[in-house]
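Chains, contacts and geometry: an overview
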Amino acid sequence: MILPRNNYAFIDGQNLYLSIKKLGWKLDYRKFRIYLWEKYGVGKAYVFIGFIESNQSLYDDLARWDFEPVFRPVTIGADGKIKGNIDADLVLRAVIEFKNYNKAIIVSSDGDFYSLVKYLNDKQKLGAVLSPDVKNCSWLLRKAAGDKIWFMDELRRKLEYKSQ
């Protein structure tokens, strides 16, 4: 079956990275981009991420692998952790681009995306929610996505980075 390539992915970069790391493996972003293309017909894949100058090589790689990084200035929380706070940017981009895509693929486990996912599902614009971690996925997100939620921890063999 040939899928249309006008579906868009909206990826919570920090949630994806930290969730996969917590599971004990490293995501191969090149393989992930191919997976999004082949499985979901994703033509555009936005990665929402806090900008840290020392990560420039990662950003260059993401662009080379056909992701579109969307940067947000970072802040340092009271606990000393770096925060990108990309949630509003991801939601806004999904709404701005609404007429340009057939289906949206949301990549996150964060319940803050409940309203967006519910809205997309109600409008028949939700292709899938890919949650990086079944154990730490918000029940609100699960509820909004219904039967369109999938868990990336099941994709480890297919998407794990293996050094050459």
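Residues numbered from 1 in each chain as written. Predicted model: local features only at pLDDT ≥ 70, side-chain atom pairs only at ≥ 80, totals over all residues. Heavy atoms only, no water.

1. Description of the overall build of the protein
Stated precisely, the cut-off is as follows: Helical segments are the DSSP runs of H or I of at least four residues, strand segments are the runs of E of at least two, and each set is numbered from the N terminus. Note on method: radius of gyration uses C-alpha positions; expected globular size equals 2.2 Å times residues raised to 0.38. Think of it in three bands: with a 1.4 Å probe and only protein chains considered, a residue is buried below 20% of the maximum accessible area for its type, exposed above 50%, and partly exposed in between. Contact criterion: two residues are considered in contact whenever any of their non-hydrogen atoms come within 4.5 Å of each other. Note on charges: Lys and Arg go in the positive column, Asp and Glu in the negative column, and His and the chain ends are not counted at all. The atoms used to mark charge sites are NZ of Lys, CZ of Arg, CG of Asp and CD of Glu.
Counting its regular elements, the protein contains 7 helices and 8 strands. What you see for the protein is a C-alpha radius of gyration of 15 Å, in line with the 15 Å of a compact globule of 164 residues. By its C-alpha atoms, the protein is 40 × 40 × 30 Å across when sized along the principal axes. Out of the 164 residues belonging to the protein, those deemed buried represent 43%. Of the contacts made within the protein by residues no fewer than 6 positions apart, 59% connect residues no fewer than 24 positions apart. On the protein, the mean spot of the 27 positive side-chain charges and the mean spot of the 20 negative ones are 5 Å from each other.

2. Quick notes on the environment of N102
Note the cut-off: What qualifies as a polar contact is a pair of N or O atoms within 3.5 Å, subject to a donor-acceptor requirement within protein and to the restriction that residues adjacent in sequence count only when both atoms come from side chains.
Within the element layout of this structure, N102 appears in the loop between α4 (87-96) and β6 (104-107). When its relative accessible area of 38% is taken as the criterion, N102 is described as partly exposed. The spacing of N102 and D89 is 13 residues in sequence and 20 Å in space, taken between C-alpha atoms. Among the polar contacts made by the side chain of N102, one reaches the side chain of N6 at a distance of 2.9 Å.

3. A short note on unusual backbone geometry
Of all residues except glycine, most have a negative phi; of all peptide bonds, most are trans. Of note in this structure, D66 is not a glycine but carries a positive phi near 75°. Tracing the backbone shows D66 in the loop between α3 (56-64) and β3 (68-73). Exposure remark for D66: the relative accessible area of 45% places this residue in the partly exposed category. Its identity as a non-glycine residue notwithstanding, Q124 has a phi of 55°, on the positive side. Residue placement: Q124 occurs in the loop between α5 (114-122) and β7 (126-131). The class of Q124 is exposed, set by a relative accessible area of 53%.

4. Considering the pattern of salt bridges
Quick note on the threshold: Every case where a carboxyl oxygen of Asp or Glu lies within 4 Å of a side-chain nitrogen of Lys or Arg is listed as a salt bridge.
Considering all chains together, one arrives at 5 salt bridges under this definition. In this structure, R64 and D61 form a salt bridge, with 2.5 Å as the shortest nitrogen-oxygen distance. Of this pair, R64 and D61 both sit in helix α3, 3 residues apart, which is roughly one turn of the helix. The exposed category is assigned to R64, whose relative accessible area is 58%. With a relative accessible area of 24%, D61 lands in the partly exposed category.

5. Some details on the sheet that holds strand β2 (residues 42-51)
Our working rule: One requirement defines pairing of two strands: DSSP has to find at least two bridges between them. What counts as an axis is a line fitted to C-alpha atoms, over the stretch in contact for a helix, and the angles between N-to-C directions run from 0 to 180 degrees.
Ordered by their spatial adjacency, 6 strands build an open sheet running β3-β2-β1-β6-β7-β8, and the pairing between neighbours is parallel. Both edges of this open sheet fall to β3 and β8 (149-151), since each of them pairs with a single strand only. Averaged over all pairs of adjacent strands, the angle between strand axes in this sheet comes to 20°, irrespective of strand direction. The pairing of β2 with β3 spans 6 bridges and is parallel. If you follow G50 over to β3, its bridge partner there is R72. Those strands touched by helix α1 (residues 13-22) are β1 (7-12), β2 and β6, and its axis lies near 65° from that of β1. Strands in contact with helix α2 (residues 29-40) are β1, β2, β6, β7 and β8; relative to β2, the strand with the most contacts, it is inclined by about 145°.

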